[in-house]
Amino acid sequence: MKARQWRDGLLALVAVCVACDGAVDLGDRGPRESPVDDDASETPTDDPYWVKTERVTSLGQVTATGALAASGDFIYVAGTADGGKHGLYRCKRLDCLTTFERLPTIVDYLYSLQVHDGRLAVAAGFSSMFLASYALPDVNDPHVVIGDLPAFQQVSARFYRNAVYWPLESDAKYYRCALPTCGAGPFRMLQENGAGPISGDGDLVFFSMNGLILRIGALGDGPVERLLPDATLSVASPVTGSPGDSSGAPRDLATFLTTSAGMLYASVRHIDCQGPCLTSIFRWPVEGGAGEELVSADTEVGSLFVFDGELVWSERDSEHVGGAVLASCRIDNCGATRRHLGIVRFVPFARQDQIVFADKRLYWLGATRGDQDIYSITAIRSAPHLTAPRGG
């Protein structure tokens, strides 16, 4: 889950963190395309799972970073425009075409967006990084949790309960800070590199690292449990997954994970597989126990989400490295309800803010393939949530 290649395109960033009175700058509107334009050229004719989705708005001249959030009537997207003007954009979900606007409060490069405790939580910056939250809906009243983090890093920060969690590549450690202001300073949870963003369920927090699933109780204060993504989420041996170890290396590797309603979900790569079983999506009770395979794919599975009984994931396009198909299904009957929603950009590290759920609809950043198989985010798209059948 390295971010080096992704960061290579950020050499022209300028970091300035400012606060303002919440006034809205309406000057960065670009020509928008109709929301009924459904990218027919991107729709495969031989995919039985493909369904029609809605283009909420084209992003025009705004280059999205990949971060998306939704709260109340609004969708928020991080982007860059005018040859390097970084910031945050928003629009009303039901009228994005005419309400798309740039908010002036944040003028730094935004790595992640998350709605937490009624505020917009962000990881941002360039010459130095900072973690902060802002009041919604106008994204003002900044509360900086911690600043002056090392520059040139992909900070996969996640706000959960009363803390924010993030890894730093520069010192190969994983940290936690208490909200709202990290008054006691950052607490070091791990002294190892390679861990993705956390996902929490109750007092348990989880993240994947080197193919294993790490579980820590007491919101990160408990002992670290290293688990195998096997049939029962069993405890790994002390050497399994250790740097330089090959004899004890797991043959199934956990990549992306999420939690929902007492269950842990993870995409699992099968190292020894030869055929249409390269990746599976499993789920287990968060405390451990018998697992269940929900999806089997013959390609790499990207980011993983669960929204009110619907599983959403991306499957890498085997012919085009940078693209993926966004898929979803009802967890209680995945085989019969599977659908393919559109093309997205494949992200080779564990971001969890590319798709959001609001008012029984999914919203995501749709991509289009350009020259040399380079995929660019071009639009915000949407589809109805897969609801349970009546009586289900």
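In this report, we go over the structure that sits alongside the text. All figures in this text were calculated on a predicted structure; none of them were measured in a lab.

### Quick notes on the overall build of the protein
Part 1: The secondary structure content of the protein amounts to three helices and 28 strands.
Part 2: Counting every position in the protein, which comprises 392 residues, the buried fraction comes to 54%.
Part 3: As presented, the protein carries roughly 16700 Å² of accessible surface, and 51% of it is formed by carbon and sulfur atoms.

### Describing the pattern of salt bridges
Any two side chains of opposite charge can pair, on the condition that their charged atoms come close.
Part 1: One pass over the full model with this rule turns up 13 salt bridges.
Part 2: The partner of Arg119 in a salt bridge is Asp141, and the shortest N-O contact between them spans 3.3 Å. Taken together, the residues Arg119 in strand 7 (residues 119–125) and Asp141 in strand 9 (residues 140–149) connect sequence positions 22 residues apart.
Part 3: The residue Arg161 makes a salt bridge to Asp203 at a minimum N-O spacing of 3.2 Å.

### Quick notes on the packing of aromatic side chains
Part 1: The full count for this structure, using the stated rule, is eight aromatic pairs.
Part 2: One residue, Arg90, lies across the ring of Phe74, its end atom 4.3 Å from the ring centre.
Part 3: The lysine or arginine in question, Arg338, covers the ring of Tyr49, its NZ or CZ lying 5.3 Å from the ring centre.

### Digging into the environment of Val301
Part 1: Of note, Val301 is situated in strand 22 (residues 301–307).
Part 2: Judged by relative accessible area, which is 2%, Val301 ranks as buried.
Part 3: Val301 sits 15 residues away from Arg316 along the chain, and the two C-alpha atoms are 6.2 Å apart.
Part 4: When sequence neighbours within four positions are dropped, the list of residues in contact with Val301 reads Thr255, Phe256, Ser267, Thr279, Ile281, Trp313, Ser314, Glu315 and Phe346.

### Notes on the state of the cysteines
Part 1: For the structure on display, the rule yields three disulfides.
Part 2: Here Cys91 connects covalently by a disulfide to Cys96, the sulfurs 1.9 Å from one another. Classification of the bridge connecting Cys91 and Cys96 rests on its S-S torsion, roughly -85°, and on that basis the disulfide is left-handed. Neither Cys91 nor Cys96 differs from the other in exposure class; each is buried.

### Remarks on the environment of Val107
Part 1: Here Val107 is to be found in the loop between strand 5 (101–103) and strand 6 (110–116).
Part 2: Considering only alpha carbons, one finds Val107 and His86, 21 residues apart in sequence, at a separation of 5.3 Å.

### Notes on the nonpolar core
Part 1: Counting 19 residues, the largest nonpolar core has Leu59, Val77, Phe100, Leu365 and Ile380 as its most contacted members.
Part 2: Elements with a minimum of two residues in this core: strand 2 (63–71), strand 3 (74–81), strand 4 (85–92), strand 26 (355–358), strand 27 (361–369) and strand 28 (375–384).
Part 3: Counting residues in each nonpolar core, the second largest holds 18 residues, with Leu149, Trp166, Tyr175 and Cys177 among its members.

Scoring rules and cut-offs
For every chain, the first residue of the written sequence is number 1, and numbering continues from 1 onward in sequence order. Per-residue local features of the predicted model are confined to residues with pLDDT of at least 70, and side-chain atom pairs are confined, for both listing and counting, to 80 or more; whole-chain, interface and lining totals are unaffected and use all residues. Values shown for side chains rest on all heavy atoms present in the structure; no hydrogens or waters enter the calculation. Each helix corresponds to a stretch of at least 4 residues labelled H or I by DSSP, and each strand to a stretch of at least 2 residues labelled E; elements are numbered beginning at the N terminus. Relative accessibility decides the category of a residue: with a 1.4 Å probe and only protein chains considered, values under 20% of the type maximum give buried, values over 50% give exposed, and everything between is partly exposed. The accessible surface values rely on the Shrake-Rupley method and a 1.4 Å probe; as for residues, cover is taken only from the protein chains in view. Any Lys or Arg side-chain nitrogen located within 4 Å of an Asp or Glu carboxyl oxygen qualifies as a salt bridge. Note on ring pairs: Phe, Tyr and Trp rings are taken, using the six-membered ring of Trp, and paired if centres are within 6.5 Å. Classes follow the plane angle, with under 30 degrees stacked, over 60 edge-to-face and the rest tilted. The rule for a charge over a ring is simple: NZ of Lys or CZ of Arg within 6 Å of the ring centre, and within 35 degrees of the ring normal. What makes two residues a contact is simply this: any of their non-hydrogen atoms within 4.5 Å. In what follows, a disulfide is any cysteine sulfur pair within 2.5 Å. Take the buried residues of types Ala, Val, Leu, Ile, Met, Phe, Trp, Tyr and Cys, join any two whose side-chain atoms come within 4.5 Å, and each joined set is a nonpolar core.

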